[in-house]
Amino acid sequence: MRACVPLTVAVLCGLAWAGNLESCASRCNEKFHRGAACQCDRRCSRHGDCCDDYEHLCTAKEEPEEFLELEEEGPDNSLYSAPSSCQGRCREAFDKHHPCHCNDRCQEFGNCCKDFESLCANHEGFSHSSDAITKEELQSISEKIYKADVNKAQKSDIVLNSQNRISPSESGDQVDRCPEPLFTYVNEQLFSKPTYAAFINLLNNYQRATGHGEHFSAQQLAEQGVFLSEIMKTAVMKELYSFLHHQNRYSSEEEFVDDLKNMWFGLYSRGNEEADSSGFEHVFSGEIKKGKVTGFHNWIRFYLQEKEGLVDYYSHIYDGPWDSYPDVLAMQFNWDGYYKEVGSAFIGSSPEFEFALYSLCFIARPGKVCQLSLGGYPLAIQTYPWDKTTYGNGRKYIATAYVVSSTQ
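All of these numbers come straight from a predicted model, not from anything done at the bench. (Residues numbered from 1 in each chain as written. Predicted model: local features only at pLDDT ≥ 70, side-chain atom pairs only at ≥ 80, totals over all residues. Heavy atoms only, no water.)

Caption draft 1: Representation of the overall build of the chain in the model. Scanning the chain from N- to C-terminus turns up 13 helices and ten strands. Within the chain, the fraction of its 408 residues that count as buried is 53%. Of all intrachain contacts in the chain linking residues separated by at least 6 positions in sequence, the fraction that spans at least 24 positions is 61%. When the accessible surface of the chain is summed, it comes to about 18300 Å², and 49% of that surface belongs to carbon and sulfur atoms. (Helix = DSSP H or I, 4+ residues; strand = E, 2+ residues; numbered from the N terminus. Buried < 20%, exposed > 50% of the residue type's maximum accessible area, 1.4 Å probe, protein only. Contact = heavy atoms within 4.5 Å. Areas by Shrake-Rupley, 256 points an atom, 1.4 Å probe, with all protein chains shown as cover.)

In structure tokens:
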């Protein structure tokens with residue numbers, strides 16, 4: 001929640017702005033204005049309240065700054081080269097460390113790589129080029145997905161004990177302020193549902209420490225296929241595929257599922273040269289890198305690890321506005337000796353619901369804030385692509401995906 005602007009400042013600012021407070025015209029990089037219909041400050045992307053013309057008017061005047069995240073787990077730039085080609089980089093997020101760029105706006109800044117036109121001009125990383133997906137379309141499809149999640153937990157299925165809420169400035173203290181577990185009760189009959197069971201089977205197929213290669217047995221590979229098969233039977237994933245098919249992103253369900261398997265389960269290296277990570281492992285199962293927990297954004301994984309005594313819940317800095325499941329919690333915890341400073345997670349959602357929203361945002365807004373709507377409340381998701389390696393025709397693996405904000 002943003003701090004209120006003092007009345008005198010608000011009055012003076014209101015007199016100074018005779019223009020339209022629904023536009024960023026003459027307002028780029030201003031301070032937060034409580035009385036405005038939308039914002040143009042540097043943090044509006046985080047809060048999901050930018051004016052519609054913010055990107056057009058404000059980001060074109062200077063190179064975009066790094067997104068101010070709820071949690072610091074964007075791609076590690078030290079792992080990346082700074083190539084002078086757009087090979088495998090089309091539509092990537094802006095990175096000031098690269099000598100040339102391949103994003104949608106490089107032509108405006110005059111800093112495209114020489115092969116941008118030939119590789120990226122009519123290429124979006126999917127089977128067909130298409131018009132951009134609008135914010136309104138994202139909000140509409142996310143509401144449909146929200147309503148379609150019939151496998152979500154009901155109120156009686158989960159008793160949550162969130163206990164002490166702290167300020168964001170205290171999240172790095174590593175102090176356990178909650179003597180009791182986060183989950184007082186979970187109706188484990190939920191886990192017998194096909195998508196839950198298939199999801200849980202995947203969670204222990206990974207080594208959590210980066211730098212150690214992942215090697216899957218035939219059974220473990222088959223479990224990936226079973227999970228995708230089960231979620232594709234649900235109304236949630238049918239809504240998502242129908243939307244993306246209508247947007248000309250995929251020509252068939254087979255192509256869609258194949259791409260999901262690659263972007264989520266395809267292996268790449270976060271540490272040494274060995275293929276030691278994937279989007280699924282990072283986001284849902286969790287990893288340890290440089291002595292810290294990275295990823296780990298799933299409530300089912302959290303509950304199961306807490307039940308085994310491997311997770312110790314410390315506190316939370318955010319509890320979402322929803323009065324039913326799924327809800328959102330941004331928390332601090334210790335995972336078997338390693339600390340997570342801020343870990344945002346949906347609570348009570350089905351596996352297919354999270355998988356659908358993260359996939360939607362990665363496809364529609366890779367490397368950017370993705371503004372959705374769930375049950376009438378705004379919610380923002382941040383995704384990052386893995387830019388060091390690609391699959392297919394320059395397509396990107398998922399590096400991470402997580403909730404960054406929800407404003408009431």
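Caption draft 2: Inspection of the confidence of the model for the chain at higher detail. On average, residues of the chain score 83 in pLDDT, and 84% of them are at 70 or above. Considering only residues more than four positions removed or in separate chains, one finds that residues 1–19, a stretch of pLDDT under 50, has 17 contacts. Note on residues 75–82: pLDDT under 50 across the span, and 20 contacts to partners over four residues away in sequence or across chains. (pLDDT = per-residue confidence, 0-100.)

Caption draft 3: Structural context of the sheet that holds strand E10 (residues 395–405). With respect to topology, three strands assemble into an open sheet ordered E8-E9-E10, the strand pairing being antiparallel. The open sheet has two edge strands, strand E8 (369–374) and E10, and neither has a second partner. Pairwise comparison of adjacent strand axes, ignoring direction, gives a mean angle of 30 degrees for this sheet. Sheet topology places strand E9 (residues 377–391) next to E10; nine bridges connect them, and they run antiparallel. Its bridge partner being in E10, Thr383 is matched across the sheet by Ala401. Sheet strands touched by helix H10 (residues 253–265): E9 and E10. Its angle to E10, the strand with the most contacts, is close to 75 degrees. (Pairing = 2+ DSSP bridges. Axes fitted to C-alpha atoms, helices over the stretch in contact; angles between N-to-C directions.)

Caption draft 4: Structural context of the packing of aromatic side chains. Inspection of the entire model under this criterion finds 32 aromatic pairs. Ring geometry for Phe191 and Trp299: centres 6.3 Å apart, planes at 40 degrees, overall tilted. One end of the pair, Phe191, is in the loop between strand E2 (183–186) and helix H7 (194–203); the other, Trp299, is in helix H12 (residues 299–307), and 108 residues separate them in sequence. The exposure classification of Phe191 matches that of Trp299, with both residues buried. Cluster of aromatic residues (ring-pair linked, three or more members): Phe199, Tyr206, Phe216, Phe227, Trp264, Phe265, Phe280, Phe284, Phe346, Phe353, Phe355 and Tyr358. The ring of Tyr146 has Lys152 lying over it, and the distance from NZ or CZ to the ring centre is 5.3 Å. Lying over the aromatic face of Trp335, Arg208 brings its terminal NZ or CZ to 4.8 Å of the ring centre. (Phe/Tyr/Trp six-rings, centres within 6.5 Å; stacked < 30°, edge-to-face > 60°. Lys NZ or Arg CZ within 6 Å of the ring centre and 35° of its normal.)

Caption draft 5: Representation of the environment of Ser45 in the model. Here Ser45 is to be found in helix H2 (residues 44–47). With a relative accessible area of 22%, Ser45 lands in the partly exposed category. Sequence separation between Ser45 and Gln371 is 326 residues; the distance between their C-alpha atoms is 8.9 Å.

Caption draft 6: Layout of the state of the cysteines. Per the stated rule, a full pass over the model turns up five disulfides. Between the sulfur atoms of Cys24 and its disulfide mate Cys40 the distance is 2.1 Å. Residues Cys24 and Cys40 share a disulfide whose torsion about the S-S bond is about -100 degrees; that sign makes it left-handed. Here Cys24 is found in the loop between helix H1 (7–16) and H2, whereas its partner Cys40 is found in the loop between H1 and H2, with 16 residues between them in sequence. Judged by relative accessible area, which is 1%, Cys24 ranks as buried. Among the residues examined, Cys40 registers a relative accessible area of 0% and is labelled buried. Residue pairing for Cys106: its cysteine sulfur links by disulfide to Cys112, the two sulfurs lying 1.9 Å apart. Disulfide Cys106-Cys112: the torsion about the S-S bond is 95 degrees, which places it as right-handed. By relative accessible area, which is 0% here, Cys106 ends up buried. With relative accessibility at 24%, the residue Cys112 sits in the partly exposed group. (Disulfide = S-S within 2.5 Å.)

Caption draft 7: Inspection of the nonpolar core at higher detail. Residues Phe227, Phe256, Trp264, Phe280, Trp299, Phe346 and Phe355 are the most contacted members of the largest nonpolar core, which totals 91 residues. Counting residues per element, this core draws most heavily on helix H13 (residues 351–364), at ten residues. Apart from the residues within four sequence positions on either side, Phe256 is in contact with Met232, Met237, Leu240, Tyr241, Leu244, Tyr250 and Ile363. (Core = buried A, V, L, I, M, F, W, Y, C linked by side-chain atoms within 4.5 Å.)

Caption draft 8: Highlighting the packing of helix H9 (residues 235–246) against H10. Closest axis-to-axis distance for the H9/H10 pair is 11 Å, and the angle between their directions is 110 degrees. Between H9 and H10, the angle is such that the two are roughly perpendicular. Together, Met237, Leu240, Tyr241 and Leu244 of H9 and Glu253, Phe256 and Leu260 of H10 make up the contact between the two elements. Looking at the contact of H9 with H10 residue by residue, the classes come out as six nonpolar, no polar and one charged. (Parallel < 35°, antiparallel > 145°, perpendicular 65-115°, else oblique. Nonpolar A, V, L, I, M, F, W, Y, C, P; charged D, E, K, R; others polar.)

Caption draft 9: Representation of the packing of helix H8 (residues 218–231) against H10. Closest axis-to-axis distance for the H8/H10 pair is 11 Å, and the angle between their directions is 130 degrees. Comparing their axes, H10 and H8 come out oblique. Seen from above, H8 lies across H10 with right-handed handedness. Contact residues: H8 offers Gln224, Phe227 and Leu228, while H10 offers Val257, Leu260, Lys261 and Phe265. Here the residues of the contact of H8 with H10 sort into five nonpolar, one polar and one charged. (Left-handed = near helix turned anticlockwise from the far one by under 90°.)

Caption draft 10: Quick look at the environment of Glu30. Mapped onto the elements, Glu30 comes out in the loop between H1 and H2. Judged by relative accessible area, Glu30 falls into the buried class, the value being 10%. In this structure the C-alpha to C-alpha distance between Glu30 and Asp41, which are eleven residues apart in sequence, comes to 5.1 Å.

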